[in-house]
Amino acid sequence: MIQLKDIVVKFDDFEALHNINVHVKEGEFFTFLGPSGCGKTTTLRTITGFIEPVSGTVSMQGRDITHVPIEKRNIGIVFQSYALFPTMTVRDNIAFGLKLKKLGKSEIEQKVNTIARKVDLSDEQLAKAVSQLSGGQQQRVAIARALVMEPAIICMDEPLSNLDAKLRVQLRNELKSMQREFGITTIYVTHDQEEALTLSDRIAVFNKGYIEQIGTPNEVYNHSKTEFVANFIGDINPLTGAVVEGLRLPSGQHHFIRLERVRVNRPKEAGEYQAQGTIESREYYGLYIKYYIQAAGQTIKVIEKNDGINIYEPGDTVTVGIHPQDVMSY
């Protein structure tokens, strides 16, 4: 569907992107994930045409669009700030691009009404000025304005970052179901790991202008290819000293294990390393409890499902168990 091949982007002497290679499939929800300043938005802006690479090609459906103007790429864009016209009505905001294309009045009205229903905007809301809407409603308007143009691809740059946590989760779910309904190829930029894992078919993890790994949410989380990915995606335990020796892991490497892979107070299994430890502290999250356990000369973080019965207190003695196959080494 869309392919980036050996993309290099420079700003004066600074090389922002180093040989970026990505292939997004048709109908895929593909996320660019990474910390601030890692190159994910620069890559998105290269796809949309706001930035021209110094070398490499951008292709869409097999056609080279590297030097094609923004307005001729047939790519919908949803910005972090939404970039709506605050004094115009919601209806006029959504219709803006259609009017530029000089479509007939009745056709514009029909398209706007259809898309408004799909993104759950009422007739009453269509008549309001954008400035009268909540953040979540404005976000729907921005998505509707992009989708009404029937683009081949929609690109979204941190579209949920301005919303409060509860609304972000709600709209995240709506975004995914909308994307499934429309079947539109979506490229999504975020620094939020949970958002990326929840929404994506595949994820490209960026770091300092490079892509460290491309894979499904399960691949980047459970089979992180690099130490950076392992540390950036979710929480993780670095393993040291006695644990490394007990597991007979190779020296000279860094070893990590995910919190939910550590077993607490379970019968010892074949090949498993176990050590006695003490609960230092805990964090209560409702569905689960996060424990900090002092064991084998280090603090090991563990996530345990909250069953409402087996809840450990600070000072309690427990055993922790680690299987060597659950360890990621670099």
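For the structure itself, consult the block above.
Everything numeric in this text was worked out from a predicted model, so none of it was measured.

Enquirer: Before we go on, may I ask you to explain the pairing of strand β2 (residues 14-24) in this structure?
Expert: Remember that side chains alternate between the two faces of the sheet whenever the strand is regular. Looking at chain direction, strand β1 (residues 2-11) and β2 are connected through seven bridges and run antiparallel. Bridging from a neighbouring strand, lysine 10 pairs with glutamate 15 of β2. The turn linking β1 back onto β2 is made up of two residues, and aspartate 12 within it adopts a positive phi angle of 60 degrees.

Enquirer: How should the state of the cysteines be read in this particular structure?
Expert: One way to say it: the disulfide is the covalent bond shared by the sulfur atoms of two cysteines. What the rule picks out here adds up to zero disulfides. You can see cysteine 38 has no disulfide; the closest cysteine sulfur is in cysteine 155, sitting 16 Å from it. In this structure cysteine 38 comes out as buried when scored by relative accessible area, which is 3%.

Enquirer: What should I look at first to understand the packing of aromatic side chains in this one?
Expert: Geometry of an aromatic ring pair is reported as the spacing of the ring centres plus the angle between the planes. Enumeration according to the criterion identifies nine aromatic pairs in this entry. Look at phenylalanine 50 and phenylalanine 79: their rings are 6.1 Å apart centre to centre, the planes differ by 70 degrees, and that puts the pair in the edge-to-face class. Here phenylalanine 79 lies in the loop between β6 (75-78) and α2 (90-100) and phenylalanine 50 lies in the loop between α1 (40-48) and β4 (55-60), a separation of 29 residues in the sequence. Residues phenylalanine 256 and tyrosine 330 carry aromatic rings whose centres are separated by 6.1 Å and whose planes lie at 50 degrees to one another, so their mutual orientation is tilted. Separated by 74 residues along the polypeptide, phenylalanine 256 in strand β12 (residues 255-258) and tyrosine 330 in the segment after β18 (328-329) bring together distant segments of the chain.

Enquirer: Honestly, unusual backbone geometry in this entry has me stumped. Any pointers?
Expert: Glycine aside, residues mostly have negative phi, and peptide bonds are mostly found in the trans state. Phi angles above zero are rare outside glycine, and glutamine 61 is one such case at about 50 degrees. Inspection of the secondary structure puts glutamine 61 in the loop between β4 and β5 (63-64). Overall, the relative accessible area of 53% leaves glutamine 61 in the exposed class. Of note, alanine 296 is a non-glycine position whose phi angle comes to about 50 degrees, a positive value. Position of alanine 296 relative to the elements: it lies in the loop between β15 (288-295) and β16 (298-305). Judged by its relative accessible area of 24%, alanine 296 falls in the partly exposed class.

Cut-off values and rules
Residues numbered from 1 in each chain as written. Predicted model: local features only at pLDDT ≥ 70, side-chain atom pairs only at ≥ 80, totals over all residues. Heavy atoms only, no water. Pairing = 2+ DSSP bridges. Helix = DSSP H or I, 4+ residues; strand = E, 2+ residues; numbered from the N terminus. Disulfide = S-S within 2.5 Å. Buried < 20%, exposed > 50% of the residue type's maximum accessible area, 1.4 Å probe, protein only. Phe/Tyr/Trp six-rings, centres within 6.5 Å; stacked < 30°, edge-to-face > 60°.

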